[in-house]
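Analysis of the macromolecular model
Residue strings, one per chain:
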Amino acid sequence: MLNIVTFILGPVKTNAYLVADSESLDAAVIDPAWAGRLILDEAQKHNWRIAHLWYTHAHFDHIGGAGAIADGLNPLPLVALHPADHVLWRAEGGAPLFGFKIDPGPEPTIDLIQGQILRLGNVEFEVRFTPGHTLGHCIFYVPSANVCFCGDLIFQNSIGRTDLPGGDSNALLHSIETQVFTLPDATRLLSGHGPETTVAREKKFNPFVGGSSIY
Ligand SMILES: [Zn+2]
Ligand SMILES: [Zn+2]
């Protein structure tokens with residue numbers, strides 16, 4: 001069974017998700033936003049072994065805790081990122097543009113691709129490629145838990161910004177229509193910022209998608 005612990009961390013209140021399989025105790029961090037020590041401590045409390053860091057995208061506020069997490073683990077965690085975001089990763093996720101400095105942690109060695117399955121014990125995470133916020137943005141869908149980790153693709157009543165390098169508003173809307181709105185309506189959406197929502201709720205209320213009210 002999938003366990004999820006949510007942290008709200010860092011200078012722009014980014015959601016980091018510690019996810020673990022209750023049987024194997026295998027764990028991963030989806031977007032280790034900031035303050036990696038806190039995430040490590042929580043994992044230790046449950047005897048979960050963090051072996052993976054999975055990035056929806058390489059913006060600094062989603063990877064800023066990776067160095068501290070890696071410092072506390074032996075062996076080092078494997079890092080998964082879409083190759084189209086590697087340039088952004090090497091630029092510290094744009095941190096210098098915002099006056100921050102981060103330790104980006106271990107180099108990504110697992111290339112995410114559309115349809116790939118990531119596993120924690122018997123729990124499967126389906127990778128969906130969703131460019132628009134960045135060139136290599138991906139989301140992670142867990143059918144058995146009825147949940148999707150959405151990064152900065154879609155938020156409750158909002159969508160990811162597209163004014164940063166690699167941003168493309170048409171691509172973003174296309175990603176939402178084809179990769180999020182095709183999930184079952186009851187799917188929980190756990191985004192990179194703000195409260196959780198559902199596919200049904202965003203189809204109905206999100207003012208940026210699904211209708212003519214794109215502004
Ligand atoms: Zn972002
Ligand atoms: Zn973000």
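Residues numbered from 1 in each chain as written. Chains lettered and ligands numbered in written order. Predicted model: local features only at pLDDT ≥ 70, side-chain atom pairs only at ≥ 80, totals over all residues. Heavy atoms only, no water.

Our next topic: the coordination of the zinc ion (ligand 2). Binding of the zinc ion (ligand 2) to the protein goes through D61 (OD), H62 (NE2), D152 (OD) and H193 (NE2), at separations of 2.1 to 2.7 Å. Because the angles between the 4 donor atoms bound to the zinc ion (ligand 2) fall within 84 to 158 degrees, the donor set is best described as irregular. In primary sequence terms, the donor set of the zinc ion (ligand 2) follows D-H-x89-D-x40-H. Separation of the zinc ion (ligand 2) from the zinc ion (ligand 1) amounts to 3.4 Å, with D152 serving as a shared donor to the pair. Taken together, the residues span a long stretch of sequence, with D61 in helix α2 (residues 60-63) and D152 in the loop between β10 (147-151) and β11 (154-155) at a distance of 91 residues. Here D61 and D152 have matching classes, each one buried. (Donors = N, O, S within 2.8 Å, 3.2 Å for Na, K, Ca; no water. Tetrahedral: all angles 85-135°; square planar, octahedral: opposite > 155°, others 65-115°. Helix = DSSP H or I, 4+ residues; strand = E, 2+ residues; numbered from the N terminus. Buried < 20%, exposed > 50% of the residue type's maximum accessible area, 1.4 Å probe, protein only.)

For helix α1 (residues 36-45), every residue scored as buried is listed here: G36, I39, L40, E42 and A43. Down the axis of α1, the buried side of the element spans an arc of 160 degrees, and every buried residue falls inside it. Seen from the open side of α1, the exposed residues pointing more than 90 degrees away from its buried face are Q44 and K45. Against the buried residues of α1 lie β1 (2-9), β2 (14-21), β3 (26-30), β4 (49-54) and α3 (66-71). With its phi angle positive at about 65 degrees, N47 sits one or two positions after the end of α1. (Arc of directions from axis to C-beta. Contact = heavy atoms within 4.5 Å.)

With that settled, the discussion passes to the coordination of the zinc ion (ligand 1). For the zinc ion (ligand 1), the protein coordination sphere consists of H57 (NE2), H59 (ND1), H133 (NE2) and D152 (OD), at 2.1 to 2.4 Å. Seen from the zinc ion (ligand 1), its 4 donor atoms lie at angles of 90 to 170 degrees, and the figure they make is irregular. Positions of the donor residues of the zinc ion (ligand 1) along the chain correspond to the pattern H-x1-H-x73-H-x18-D. Take H133: its relative accessible area is 3%, and that puts it in the buried class.

In a beta sheet, neighbouring strands pair by backbone hydrogen bonds and run either parallel or antiparallel. Overall, mixed pairing links the 6 strands, which are arranged β7-β8-β9-β10-β13-β14 in an open sheet. Taken across any chain shown, the strands that pair with only one partner, and hence form the sheet edges, are β7 (117-120) and β14 (197-198). With respect to the sheet, helix α5 (residues 169-180) is in contact with β8 (123-129), β9 (138-142) and β13 (188-191), its orientation differing from that of β8 by roughly 145 degrees. (Pairing = 2+ DSSP bridges. Axes fitted to C-alpha atoms, helices over the stretch in contact; angles between N-to-C directions.)

This brings us to α5. Over its 12 residues, α5 extends 16 Å from the first C-alpha to the last, a length consistent with the 16 Å expected when each residue adds 1.5 Å. Residues of α5 that are buried: L172, L173, S175, I176, Q179 and V180. Around the axis of α5, the buried residues are gathered within 160 degrees of arc, so they sit on the same side. Exposed and facing more than 90 degrees away from the buried side of α5 are N170 and H174. Those residues of α5 that are buried lie in contact with β8, β9, β11, β12 (158-159), β13 and α6 (199-205). Between the side-chain oxygen at the start of α5 and the backbone nitrogen of N170 there is a gap of 3.0 Å, and the oxygen is on D168. (Expected span 1.5 Å × (residues − 1). Polar contact = N/O pair within 3.5 Å; in protein donor to acceptor, adjacent residues only side chain to side chain.)

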